[in-house]
Amino acid sequence: MLVSGKDLMKHAHENNYAVGAFNVNNMEIVQAIIEAAEETQSPVIMQASQGGLKYAGVEYIAEMAKIAAKNASVPVAIHLDHGTDFVQIMQCIRNGFTSVMIDASKHDLDKNIEITKNIAEIAHAVGVSVEAELGKIGGTEDDITVDDKDATFTDPDEAARFVNETGVDFLAIAVGTAHGPYKGEPKLDFDRIKVIKDKLNIPLVLHGSSGVPEESIKKAVSLGINKINIDTDIRMAFSNAVRKFVNENPDAYDPRKIVGCAREDMKKVIADKMRMFGSTGKAWK
Ligand code: G3H
Ligand code: 13P
Ligand code: ZN
């Protein structure tokens, strides 16, 4: 069933677990996510980045995700990941997304507040939840690159002011993770997560979570992370499976076989994350 991002996150916040937010770019990924969610009885978020929307088109992504959500027995929210463009955010809302992220983290605090507040007012008027980002998460997503030296951790006092003035529903915080594959092991600032959670008492979001060790993920969840974004680990599962299939079957030419073989491997990765996040068995009616 399709649900609002706010309801999904509220349940996770009140029951101390994290919902997996998995990036979708094509039909096979949508299917892998929904099958993993059904199998583990997990609430789930399907999210599309600006790059994903450029690749597949907002209508294709929205319709695929809505069909999957409508037919699922578990609660599903459809979310825009790292939105930076007002018009695109409106298009997502018009196409049935139940949650959006406005990422104005590249601006200074006052400008970030101004942009985020505007989106929150509009989205809330039509029942759509809003995630924002404060601090700068390192690494690259399609349209945004933050050098590791420019990544800045979220300041707890600024976060309190930010949430108070913007009215956002959940906040992405920079605490040591980065988008894309890690070179070494990521070191999370757990104390910072705790301080921010105590001050804000709203659902917190961890980006760049692929490759973060299980122990760190579990600790972050226990301290108040309620949404965990995963993209790179799905991409790895997909590309490894396709590469293996093509190497073993060099004469293959049926796209259903070449791409379809990756669905099961992606599903396994996603189901394992759901277990790690504590969302298994948390599907509500
Ligand atoms: O937040 C980052 C996601 O990995 C999205 O990546 O912009 O290349 O789709 P993308
Ligand atoms: P990873 O690609 O590191 O999993 O990060 C995903 C993400 O944060 C999407 O917003
Ligand atoms: Zn992200």
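Whatever comes next refers back to the structure up there.
So, a few notes on the structure that sits alongside this text. In this convention, every chain numbers its residues from 1, walking through the sequence in written order. To read the labels, note that chains go from A and ligands from 1, taken in the order they are written. Local features are withheld for residues below a pLDDT of 70 in this predicted model, meaning they are given only at 70 or higher, and side-chain atom pairs are given and counted only at 80 or more; totals for whole chains, interfaces and linings count all residues. To obtain the side-chain values, all non-hydrogen atoms of the structure were included, while hydrogens and water were left out.

### With respect to the coordination of the zinc ion (ligand 3)
- Note that water is not among the atoms considered, so a metal site may appear incomplete; the donors listed are N, O and S atoms within 2.8 Å of the metal, with 3.2 Å applied to Na, K and Ca. Protein-derived ligands of the zinc ion (ligand 3) are H82 (NE2), H179 (NE2) and H207 (ND1), with the metal-ligand distances lying across 2.0 to 2.1 Å.
- Look at where the donors of the zinc ion (ligand 3) fall in the sequence and you get H-x96-H-x27-H. Of this pair, H82 sits in strand β3 (residues 76-83) while H179 sits in the loop between β8 (170-173) and α8 (190-200), and the two are 97 residues apart along the sequence. Residues H82 and H179 agree in their burial class; the two are buried. Labels follow the DSSP assignment, with helices taken as runs of H or I lasting at least four residues and strands as runs of E lasting at least two, numbered in each case from the N terminus. Buried residues are those whose accessible area, probed at 1.4 Å on protein chains only, stays under 20% of the maximum for their type, while exposed residues exceed 50% and partly exposed ones sit between those limits.

### Quick look at the pairing of strand β4 (residues 99-102)
- Of the two faces of β4, both are covered, the one formed by S99 and M101 as well as the one formed by V100 and I102.
- Across three bridges, the pairing between β3 and β4 is parallel. Bridge assignment links G83 to a residue of β4, and that residue is I102.
- At least two DSSP bridges between two strands are needed for those strands to be called paired. Summarising the sheet, β4 and strand β5 (residues 129-134) pair through four bridges and their orientation is parallel. Within the sheet, the bridge partner assigned to I102 lies in β5 and is A132.
- As for the winding sense of the linkage, the β-α-β connection from β4 through helix α6 (residues 109-125) to β5 is right-handed. Convention used here: a crossover is right-handed provided that the path from the first strand, over the helix, to the second strand proceeds clockwise when the strands point away from the viewer.

### So, the site of ligand 2
- Think of it this way: one heavy atom of a residue within 4 Å of a molecule or strand is enough to make that residue near it. For ligand 2, the set of nearby residues contains 15 residues, the closest of which are D81, G208, S210, D231 and T232.
- Here an oxygen atom of ligand 2 and a side-chain polar atom of H179 are 3.1 Å apart.
- For accessible areas, the Shrake-Rupley method is used with a probe of radius 1.4 Å. Any residue's cover is judged against the shown protein chains and nothing else. When isolated, ligand 2 has an accessible area of 310 Å², and the protein chains bury 96% of it.
- Among the secondary structure elements, those contributing two or more residues to the shell around ligand 2 are β3 and β10 (225-230).
- Looking at the shell around ligand 2, its residues break down into two nonpolar, 11 polar and two charged. Polar contact criterion, stated in full: a pair of N or O atoms within 3.5 Å, where within protein one must be able to donate a hydrogen and the other to accept it, and residues adjacent in sequence count only if both atoms are side-chain atoms. Residues are grouped as follows: Ala, Val, Leu, Ile, Met, Phe, Trp, Tyr, Cys and Pro are nonpolar; Asp, Glu, Lys and Arg are charged; all remaining types, including Gly, are polar.

### Quick notes on the side chain of K227
- Relative to the elements of secondary structure, K227 occurs in strand β10.
- Separated by 2.8 Å, the side chains of K227 and E131 make a polar contact.
- In what follows, a contact means two residues having at least one pair of non-hydrogen atoms within 4.5 Å. In this view, K227 contacts M9, A18, V19, A21, I45, Q47, H79, E131, F170, L204, V205 and L206; residues no more than four positions away in its chain are not counted.

### Quick word on the pairing of β3
- Most of β3 sits inside the fold, with eight of its eight residues counted as buried.
- Where strand β2 (residues 44-49) meets β3, six bridges bridge the pair, whose relative direction is parallel. Counted as the bridge partner of A48 is L80 from β3.
- Where the polypeptide runs from β3 across helix α5 (residues 86-94) and back to β4, its parallel neighbour, the crossover connection is right-handed.

### Things to note about the sheet that holds β3
- Reading around the barrel, the eight strands line up as β1-β2-β3-β4-β5-β8-β9-β10 and close back on themselves, with parallel pairing between neighbours. In this sheet, adjacent strand axes meet at a mean angle of 25° when their direction is disregarded.
- Set on the sheet, helix α4 (residues 58-71) makes contact with β2 and β3; between it and β3 the angle comes to about 150°.
- Whenever a helix is involved, its axis is fitted only over the stretch in contact; in every case the axis is a line through C-alpha atoms, and angles between N-to-C directions fall within 0 to 180 degrees. Contacting β3 and β4, α5 runs over the sheet at an angle of about 170° to β4.

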